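Chain residues, written in single-letter form:
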Amino acid sequence: MAGPTVDFWNERFRSHSTGWDRGGVHPQLLHCVTSGGLQPCRILVPGCGAGHEVEYLAAAGFEVTALDYSEQAVALVEQRLQQRGLKATVLQADVRQWQAPTRFDAIWEQTCLCALYPDDWVGYAQQLHRWLQPQGRLFVQFMQAAKPGAESGKIEGPPYHCDILAMRAVFPATQWEWPKPPYPRVPHPGGSAELAVVLRPIQYGREPLR
Ligand SMILES: C[S@@+](CC[C@H](N)C(=O)[O-])C[C@H]1O[C@@H](n2cnc3c(N)ncnc32)[C@H](O)[C@@H]1O
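So, a few notes on the structure that sits alongside this text. For clarity, every value in this text was computed on a predicted model and none was experimentally measured.

## A short note on the pattern of salt bridges
Across all of its chains, the model carries seven salt bridges by this definition. With a shortest N-O distance of 3.3 Å, E55 and R80 are connected by a salt bridge. Within this pair, whereas E55 is found in helix 3 (residues 52-59), its partner R80 is found in helix 4 (residues 71-84), the two being separated by 25 residues in sequence. R96 serves as the salt-bridge partner of D94, at 2.8 Å between the closest nitrogen and oxygen.

What follows is the structure, given as structure tokens:
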């Protein structure tokens, strides 16, 4: 299987090479919650990393399930929650294979997609669709990190650049309701940025939970 392994991610956490980590809650999540656009519900945070968003959502009254491939990340999130006496379900799991026991009202997708090799994107998008309630919403942050090698066809990452045209193919309008652009562009202190989009699943062709 192409792309970063679980050892790759564990090593990033072990060596503190986590340049993606803002050291705090994603500003778009703060905006969504404080504006009332995202209210306490059953929410999934796939590829949660160090878990700033998991902590924030749990403290704000959400019923949170968090997933990460890396045992190191899971341990960090559990420690973070324990320090504040907060509760969430934190699982070591591969988003490409995990089976949800029940569907979620919302998913906070913050740069897990861009951590996956592009061959896995369509399968992951189908997982996200399957995990949502019919009226659920996917809050997705599309990483904008184009690399010069792309001009000659190279696949460079992670992070893999989530070009909006590719995203339209990965989350097709037959399965997802897209809002009209422009979308908020949230800068990252590391120099990249994310496009914040809220997608709704369309019920046509919905697969049952496995
Ligand atoms: C770029 S980091 C983002 C972490 C966090 N969402 C943030 O923005 O701070 C990607 C995260 O996804 C996790 N990850 C990568 N591949 C995964 C997979 N197949 N299943 C679950 N988690 C995965 C990594 O361990 C890492 O914590």
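## Considerations on the nonpolar core
Membership of the largest hydrophobic core comes to 35 residues, with the highest contact counts inside it found for W131, L138, F142, M167, F171 and W178. The set of elements that each furnish at least two residues to this core consists of strand 4 (104-110), helix 5 (121-131), strand 5 (132-144), helix 6 (164-170) and strand 8 (193-201). Membership of the second largest hydrophobic core comes to 23 residues, among which are C48, V74, L86 and V90.

## Considerations on the packing of helix 3 against helix 4
Put simply, helix 3 and helix 4 touch, their axes get as near as 9 Å, and they point 35° apart. You can see that helix 3 and helix 4 cross each other, and the crossing is right-handed. Listed contacts from helix 4 to H52, V54, E55, A58 and A59 of helix 3 are V77, R80, L81 and R84. For the contact of helix 3 with helix 4, a count of residues per class yields five nonpolar, one polar and three charged.

## With respect to the packing of helix 1 (residues 6-14) against helix 4
For the pair helix 1 and helix 4, the least separation of the axes is 7 Å and the interaxial angle reads 45°. If you check the angle between helix 1 and helix 4, you find them oblique. Contacts between helix 1 and helix 4 pair V6, N10, F13 and R14 from the former with E71, Q72, A73 and L76 from the latter. For the contact of helix 1 with helix 4, the class distribution of residues is four nonpolar, two polar and two charged.

## Things to note about the site of the ligand
The environment of the ligand is formed by 17 residues, the closest being G47, D68, D94, V95 and Q110. V95 is positioned such that a nitrogen or oxygen atom in its backbone is 2.9 Å from a nitrogen atom of the ligand. When the ligand is considered free in solution it has 590 Å² of accessible area, and contact with the protein chains removes 96% of it. Taken together, the residues of the shell around the ligand break down into nine nonpolar, five polar and three charged.

Procedures and definitions
- Residues numbered from 1 in each chain as written.
- Predicted model: local features only at pLDDT ≥ 70, side-chain atom pairs only at ≥ 80, totals over all residues.
- Heavy atoms only, no water.
- Salt bridge = Lys/Arg side-chain N within 4 Å of Asp/Glu carboxyl O.
- Helix = DSSP H or I, 4+ residues; strand = E, 2+ residues; numbered from the N terminus.
- Core = buried A, V, L, I, M, F, W, Y, C linked by side-chain atoms within 4.5 Å.
- Buried < 20%, exposed > 50% of the residue type's maximum accessible area, 1.4 Å probe, protein only.
- Axes fitted to C-alpha atoms, helices over the stretch in contact; angles between N-to-C directions.
- Left-handed = near helix turned anticlockwise from the far one by under 90°.
- Contact = heavy atoms within 4.5 Å.
- Nonpolar A, V, L, I, M, F, W, Y, C, P; charged D, E, K, R; others polar.
- Parallel < 35°, antiparallel > 145°, perpendicular 65-115°, else oblique.
- Near = heavy atom within 4 Å.
- Polar contact = N/O pair within 3.5 Å; in protein donor to acceptor, adjacent residues only side chain to side chain.
- Areas by Shrake-Rupley, 256 points an atom, 1.4 Å probe, with all protein chains shown as cover.

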